[in-house]
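Tertiary structure, described
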Amino acid sequence: MDFDGEVICEPPNNKLDKFTGTLHLRDSKHPLDNENLLLRGCVLRNTEWCFGMVIFAGLQTKLMQNCGRTTFKRTSIDKLMNTLVLWIFAFLICMGVVLAIGNTLWETWTGRNFQVFLPWDDFQSSAVFSGFLTFWSYIIILNTVMPISLYVSVEVLRLGHSYFINWDQRMYHSQTNTAAEARTTTLNEELGQVEYVFSDKTGTLTQNIMVFKKCSINGQTYGDVYDEFKQKGEITEKTDCVDFSFNPLYDRGFKFYDGRLVEAIKLEDPVEQDFFRLLALCHTVMPEEKSEGHLVYQAQSPDEGALVTAARNFGFVFRTRTPETITLCELGRAVTYQLLAILDFNNVRKRMSVIVRNPQGQITLYSKGADTIIFDLLDPSNEDLMYTTSEHLNGFAGEGLRTLALAYKDLDEDYFEIWMKKLISASTVIENREDQLAVLYEEIEQGLKLLGATAIEDKLQDGVPETIASLVLADIKIWVLTGDKLETAMNIGYSCHMLRDDMNEVFVISGHTLLEVQQQLRSAKEQILGLSRVSSAGDVEKAEMFADGSVYEETIIAEYALVINGHSLAHAMEPQLEHVLLDLACLCKTVICCRVTPMQKAQVVELVKRHKRAVTLAIGDGANDVSMIKTAHIGVGISGQEGMQAVLASDYSFAQFRYLRRLLLVHGRWSYFRMCNFLWYFFYKNFAFTLVHFWYGFFCGFSAQTVYDQWFITLFNIVYTSLPVLAMGLFDQDVSDQNSLHYPSLYKPGQQNLFFNKRQFFLCTLQGVSTSSLLFFIPYAAFSVMVKEDGSYISDQHVFAVTIATSLVIVVTVQIGLDTHYWTVVNHFFVWGSLIVYFSILFAMQSDGMFGIFTSSFPFVGTARNCLSEKSVWLVILLTSVVCVVPGMAVSFLRVELFPTLTDKVRHVQQFRKRQGPQEQSLRRVRRTSSHRSAYAFSHQQGYGELITSGKNMKMSTPSSTGSPGRTPQSSTWIENMLKRKNTVSCVSDESTGAPAKTD
Amino acid sequence: MGKVKPGPLARRPDNSAFKQQRLPAWSPMLTANSVLPFFYFMALICMLLGVWLLLTVQSTEELKLDYTEAGTCNLCFEKRNVSNAAQPCICTAVFNIKKAFKGDVFFYYGLINFHQNLRRYMDSRDDAQMVGRKNNLKSPSSYCMPFDKDKNGVPIAPCGAVANSIFNDSFTLSYMTSSGSVRVPLLRKGISWYTDKNIKYRNPSTENMTLPQVFEGTAPPLYWQKPVYDLDPLDKNNNGFINDDLIVWMREAAFPNFKKLYGVLHRANKPFMNGLPAGNYSVEISYNFPVQYFRGRKEVVLTTLTWFGGQNHFLPIAYLVTSCLILLIAILLTVFWFKFGKNGQNMEE
């Protein structure tokens, strides 16, 4: 086909709901708008082929434009480390200056007179110049306080920790054959400091699978399992499913456990039959029967798919539809209903109805929708049933199920005719069409008769409530950011116990203007602060005074939750309101943002990142989460069904949300703990090692003479002491992984930065400095009077160097021994190995052979042999080691005894329980008893009724036409939510029916 | 990633103790059961060591004599102050030993405020030259500057500031009895380390040449009165780089105050068979080494030894103090533990 045209359109942007362009095709112009655009990742349905043109590709697509920039991520420990290195550098300069001044004074008073024996160098004109040179000499000598090997070691540790994450079997998902993966190796210890978790909903918390779980028909609930004692039992893997084999068209994927319902159907109870007839008729699902008996439903929302599938299994099989008819297979009999009208769903009506004429000519209106709405439309005679059903609905809501109420009404032929005319005339009106239609719908949907209610489970991923409960105990705040609707999001909030009925208040912010939003935010905040103030102090002051709500954050005992929709969020994120929003959000235990765009997700994360000095983690599975994953300090991708974009942008990825618990509470905590201990020890070691030169300066005329042998200085950090601390940094475990999970509070010190901060740094340098002074002054005092056993001279610089070096190596090795909580074979090997290596190298380098070959490089020949055979030298080494180690030991013992942290307590318990097997903790799923809220949630879109009645999406009826290009993201996602109203087909793959999402 | 295993669980990580971080391990805790006994034990050990050392030290004798300006030496001291440093000067200092020094007695010279530990001073030597390398004998290392060559450009052997500043006082110790004075015999050999004497310092190979011939073409250090091959006129084998006094001097002191071995009492004849008897002694000093430039002092030290070296009061006292401190800490810890931690009440959650 000759297709020669030109498209002129807007430049690439991130607005998902807008597009303007013009197609110039053979002298004619066609306007292009959003309706003509397929977004990246969409799947075409119900057409064999279509023409298209790629307008934006790659980075220019709206999706990628929504992804945000990739920023370089660094951990807070990294930043702290850089600051500390700067401090150490300043400290180095200070020491250099002090020693340089000392040198100047010494040269003036003493060195000047010593010139007989040691004349100044030619270029050295004065004592001040000598001081200047000394400054640089000392900078070079003391540079070992600036741990160059620190950066390398830290990277090695992080790499090791990443491998441990990759290797963890408990984060391996065998169904999908996915192991956890640390995609960045630089963020591990940050996992131990997370305070805010931003989670996507669909695909992350939920599996995006809807299951028909329970129903209430004519005042009778079905779906619970009773054991032989008529007690409600738990449904487990072992519970027997109802056998649907009486029905040749049943779906094998469908599971139901209450046999009574099938019995009721088989008894041909008319109410039960009507119930399922309604479910089979009142929907917008498209059937696809590729071969006889092999039905596949393509539903716009998974809820609907689940309902229709339920009807199918209970014998009311929805088989085909045309724009005017619906054919069911009712208990084996084919029945064709005439579809007279679809009263479409929208978010205001919260219900949909169909009007059908059955083969007997009876016109019936079937309606399903939110219980609150349907109950208002009921016929007064239904009151008793309504109360029973409402009680059942509360029960369903308590279990976190999504409910819909079902009702029907038989219509009078004449009445319907009149109404239909009005409808037709109203639908041709151009102005106010919507409103007029709504009025008409309202008119006919009156005096309904209640059939019952359905309860659908939006299946959570395994272990989600437990994970969330555990993370909440660890003081991690979880915010759900979802593109879904308010009701759906809240429902999930309830089912994973983020929202609870015993919460004092759930604030729902859904203003449309800036002022409204401001008003709602303010009043919510006033309510929280006001209440807490009354309860705590009693004095009444203006809530505005506490604009800085974070101060009061701790004092709020009551539990609140905040639910905000994307529209309000846009207003609330404006500069003048963002503080109010943030304060309010932080006062609440739970925050749910619904109907947010990917960009907004990133903005929320950014907001928290900017104003709270907290580590944020974003977890999501879809392309819509990419921006927030990139924005947050740590991004976690669920490698699930929704493609790879999220995983590719993430820092860590695994298959199930529940692994987050292990990632944070075990790997993150360990990583942070190890890294902090490592840094603590590393700084201590370097200070103890280097500052000895500083003390020696006061005795050697500040002449920049080193205490140690050059070789010792070279090898100390990389050979003698690096491996034990690396082993500690890799393998140390203060408490076992089971206990880390068992006591989530163990996670809190990380959030408060307690293990390594500026104070800890100060303490460790203090210990380093005091160790170095003891290391220097004890041998100094001993050496001033010491001679060898045979009387010969021993207090020379070489012996002094070897003695101090040996003491130092022993002291730091003992210290690492005390700091190591978990002695594996590797630790033993490295610790003892280091000592052995030290002595071997010491003797090797001071051997005759080495001196013979490299005379001037090894002037220490024989020193080790002579001095380490002296008892007095060993007495000095022993004394030094004891004095250096004992105080630290006493302090840490006292701290554990008097002010034990939770870690110490758990370690204590762990010691005693060592013999016992690990105790798995099972957080029981708490049932809420009383609930007086509607659990209605229906992820449905408006516009499908019209599609069906117009027959636009019927492949069968217009087989030759090209069909409308359908737009189908792989699940009910944000793209749909963005689009207010669509006229194109958008069939969502219904996973409960097992329909594969495939492109033709 | 290694080999790709087939099958549905292909990417399952290995279930090894290492990869699952389940390596068997010993996780010690600082509990009262281990810490308190350790502290008491350490206190006890230190106490015993301290007492033992103290008793040992009590049995030693030491005598220090600052002879910088003592006796007739103040004249020599004045003399060294002025420029005629080359003039010999001999003086005598007397002292009294109240209690006999039993056993081996060691004679040290001491210097106060002499910085052998300055970086440039310590570097100013050529180990290669002193181990007898021929090349280095004639062309000393540049580290020796400005003591590598004399005014005429002749290489100095041994070069450098350390050798140049060798302590060149010599001493003759006499025991004054009623019947006149007896010279106290001092062994002046074997006072350096075996490794120094035999490995670190060697003369250049002689190959049938005499030592002076070997050193031909080199100059003695500026401040030396005798060339290096003629340091010990009595023993030919104690000359050159392996001279004991030179070796002792070349082992640079770590601190500005130090004492170095000069000789050991030769206990062959009476009355020195059992050491130094009590009585009056005089020491005749060939007073060469100037100290007034750097406000230094010179001294001689006589001492007897113990199994852990010379008289050393620091170690026993330090051990005793440490033991007391550890004991104090241990008692405090015990008290705290009894009061607060014993029943593990802090350990309850």
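Okay, so let's go over this structure. Everything numeric here is computed off the predicted structure, so don't read it as measured data. (Residues numbered from 1 in each chain as written. Chains lettered and ligands numbered in written order. Predicted model: local features only at pLDDT ≥ 70, side-chain atom pairs only at ≥ 80, totals over all residues. Heavy atoms only, no water.)

Section: the packing of helix α21 (residues 659-697) of chain A against helix α27 (residues 797-819) of chain A
All names here are of chain A. Cut-off, in case you're wondering: Lines fitted to the C-alpha atoms define the axes, with helices restricted to the stretch that makes contact. Angles between their N-to-C directions range from 0 to 180 degrees. Comment: elements are numbered from the N terminus, with helices defined as DSSP H or I runs of at least four residues and strands as E runs of at least two. Each angle gets one of four labels, with under 35 degrees taken as roughly parallel, over 145 as roughly antiparallel, 65 to 115 as roughly perpendicular, and the rest as oblique. A clockwise turn of the near helix away from the far one marks a right-handed crossing, whereas an anticlockwise turn of less than a right angle marks a left-handed crossing. By the convention used here, residues are in contact when the closest approach between their heavy atoms is within 4.5 Å. Polarity classes work like this: nonpolar for Ala, Val, Leu, Ile, Met, Phe, Trp, Tyr, Cys and Pro, charged for Asp, Glu, Lys and Arg, and polar for all others, with Gly in that last group.
Two numbers describe how α21 lies on α27: the axes approach to 11 Å, and their chain directions differ by 165°. When the axes of α21 and α27 are compared, the pair comes out roughly antiparallel. Handedness of the α21/α27 crossing: right-handed. Within the contact between the two elements, α21 uses Asn677, Tyr681, Tyr684, Lys685, Ala688, Phe689, Val692 and Tyr696 and α27 uses Gln797, Phe800, Ile804, Leu808, Val811, Val812, Thr813, Gln815, Ile816 and Asp819. In the contact of α21 with α27, the residues fall into 12 nonpolar, 4 polar and 2 charged.

Some thoughts on the interface of chain B and chain A
Selection rule: Accessible area that two parts lose when put together, evaluated with a 1.4 Å probe and summed over both, is termed the buried area. One side-chain nitrogen of Lys or Arg within 4 Å of one carboxyl oxygen of Asp or Glu is enough to make a salt bridge. For this analysis, a polar contact is any N or O atom pair within 3.5 Å, provided that within protein one partner can donate a hydrogen and the other can accept it, and provided that sequence-adjacent residues contribute only side-chain to side-chain pairs.
Across the contact, 93 residues belong to chain B and 103 residues belong to chain A. Summing both partners gives a buried area of about 8900 Å² for chain B against chain A, and 65% of it is carried by carbon and sulfur. When the buried surface of chain B facing chain A is broken down by residue, Gln21, Trp193 and Phe255 of chain B rank first, second and third, together holding 9% of it. There are 1 salt bridge connecting chain B and chain A. For the pair chain B and chain A, the interface holds 24 residue pairs in polar contact (both at pLDDT 80 or more). Residue assignment for the side of chain B that touches chain A shows that the elements contributing at least two residues are α1 (32-58), β4 (105-112), α3 (119-123), α4 (127-130), α7 (194-200), β8 (258-265) and α10 (314-341) of chain B. Examining the composition of the side of chain B that touches chain A, we find that 12 residues originate from one element, α10 of chain B, more than from any other. Here the residues of the side of chain B that touches chain A are counted per class, giving 59 nonpolar, 17 polar and 17 charged.

Some remarks on the sheet that holds strand β2 (residues 21-25) of chain A
Residues and elements named next belong to chain A. Worth spelling out the cut-off: Strands pair, by our definition, only if DSSP identifies at least two bridges between them.
The strand order β1-β2-β3 describes an open sheet built from 3 strands, whose pairing is antiparallel. On the outer flanks of this sheet lie β1 (5-9) and β3 (28-32), each paired with one strand and no other. Each strand axis lies, on average, 20° off the axis of its neighbour in the sheet, ignoring direction. Pairing between β1 and β2: 5 bridges, direction antiparallel. Within β2, the position partnered with Gly5 by the bridge is Leu25.

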